[in-house]
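The chain contents come next:
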Amino acid sequence: MADNDLRDLRVQKQLPVKDMVEVVRTLYPKFDKTVQSKCENGSSYGIALRPDAMEALYKQFAPEILEGRRLAHKERHRLTCRISARLENDDYAALQQHLKADGYATMQDLLTDLVRRYLKAKEDAE
């Protein structure tokens, strides 16, 4: 969340602070105009509105912005599924040397190739 998202939403949609405070109070009952002001000036006070409260404000007052943010977030990577493993330092160093020697430009290339070969072997075994 950018430092000025809260203020930008209020100004862009010409929202009364009172209305915004009511929405946030559903999640955080002690939220008030003073806290809103401090959140809008977060770089001066060292505070920011929590993401769930900001999402509630977007849902209430600007659902089109919220949907745009979700799409932008989802579309950052074409490949959205991830696998990972932790290795000993020696194993990792050896793996790095061998993958370069075998012509893999990245770890992604190696893992994709390994997974595809594994899946093909399983299909052929059936």
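### Observations concerning the overall build of the protein
Point 1. Per the secondary structure count, the protein includes 8 helices and 0 strands.
Point 2. Listed N to C, the secondary structure of the protein is α-α-α-α-α-α-α-α in terms of helices and strands.
Point 3. Evaluated residue by residue, the protein yields a buried proportion of 20% over its 126 residues.
Point 4. A separation of at least 24 residues holds for 51% of the contacts in the protein among residues at least 6 apart in sequence.
Point 5. Of the roughly 10100 Å² of accessible surface on the protein, 50% is carried by carbon and sulfur atoms.

### A closer look at the environment of Tyr-92
Point 1. Among the secondary structure elements, Tyr-92 is positioned in helix α7 (residues 89-101).
Point 2. Setting aside residues no more than four positions away along its own chain, Tyr-92 makes contact with Leu-87 and Met-107.

### Topic: helix α1 (residues 5-13)
Point 1. Restricting attention to buried positions, one finds in α1 the residues Asp-5, Leu-6 and Leu-9. All buried residues of α1 lie within an arc of 105° about the axis, which places them on one face of the element.
Point 2. Gln-14 occupies a position one or two residues after α1 and carries a positive phi of about 50°.

### Some thoughts on the nonpolar core
Point 1. Counting 18 residues, the largest nonpolar core has Leu-6, Leu-9, Met-20, Leu-49, Met-54 and Leu-57 as the members making the most contacts within it.
Point 2. Elements represented by at least two residues in this core include exactly α1, α2 (17-25) and α5 (51-61).
Point 3. No other element matches α5, which puts 6 residues into this core.

### Some points on the packing of α1 against α5
Point 1. One can describe the packing of α1 onto α5 by two numbers: an axis separation of 11 Å at closest approach and a directional angle of 15°. Classed by the angle they form, the pair α1 and α5 counts as roughly parallel. In this structure, α1 meets α5 at a crossing whose hand is left-handed. From α1, Asp-5, Leu-6, Leu-9 and Lys-13 reach across to α5, where they touch Met-54, Leu-57, Tyr-58 and Phe-61.
Point 2. Split by residue class, the contact of α1 with α5 holds 6 nonpolar, no polar and 2 charged.

### Quick word on the confidence of the model for the protein
Point 1. The predicted model of the protein averages 88 in pLDDT, with 90% of residues at 70 or higher.
Point 2. When mean pLDDT is taken per element in the protein, α2 scores highest with 96 and helix α6 (residues 63-74) scores lowest with 69.

### Here's the deal with a nonpolar patch on the surface
Point 1. There is a patch of nonpolar side chains on the surface, built from Ile-83, Leu-111, Leu-114, Val-115, Tyr-118 and Leu-119 and spanning about 550 Å² of accessible area.
Point 2. Relative to the helices and strands, Val-115 is located in helix α8 (residues 107-125).
Point 3. For Val-115, a relative accessible area of 34% puts it in the partly exposed group.

### A few points about the packing of α1 against helix α3 (residues 33-40)
Point 1. Taken N-terminus to C-terminus, the directions of α1 and α3 make an angle of 110°; their axes are 7 Å apart at the nearest point. Taken together, the axes of α1 and α3 lie roughly perpendicular to each other. On α3, the residues touching Leu-6, Arg-7 and Arg-10 of α1 are Gln-36, Cys-39 and Glu-40.
Point 2. Among the residues making up the contact of α1 with α3, the classes are represented as 2 nonpolar, 1 polar and 3 charged.

Cut-offs and rules
- Residues numbered from 1 in each chain as written.
- Predicted model: local features only at pLDDT ≥ 70, side-chain atom pairs only at ≥ 80, totals over all residues.
- Heavy atoms only, no water.
- Helix = DSSP H or I, 4+ residues; strand = E, 2+ residues; numbered from the N terminus.
- Buried < 20%, exposed > 50% of the residue type's maximum accessible area, 1.4 Å probe, protein only.
- Contact = heavy atoms within 4.5 Å.
- Areas by Shrake-Rupley, 256 points an atom, 1.4 Å probe, with all protein chains shown as cover.
- Arc of directions from axis to C-beta.
- Core = buried A, V, L, I, M, F, W, Y, C linked by side-chain atoms within 4.5 Å.
- Axes fitted to C-alpha atoms, helices over the stretch in contact; angles between N-to-C directions.
- Parallel < 35°, antiparallel > 145°, perpendicular 65-115°, else oblique.
- Left-handed = near helix turned anticlockwise from the far one by under 90°.
- Nonpolar A, V, L, I, M, F, W, Y, C, P; charged D, E, K, R; others polar.
- pLDDT = per-residue confidence, 0-100.
- Patch = residues over 30% accessible without salt bridge, like charges linked within 9 Å, V, L, I, M, F, W, Y side chains within 5 Å.
- Salt bridge = Lys/Arg side-chain N within 4 Å of Asp/Glu carboxyl O.

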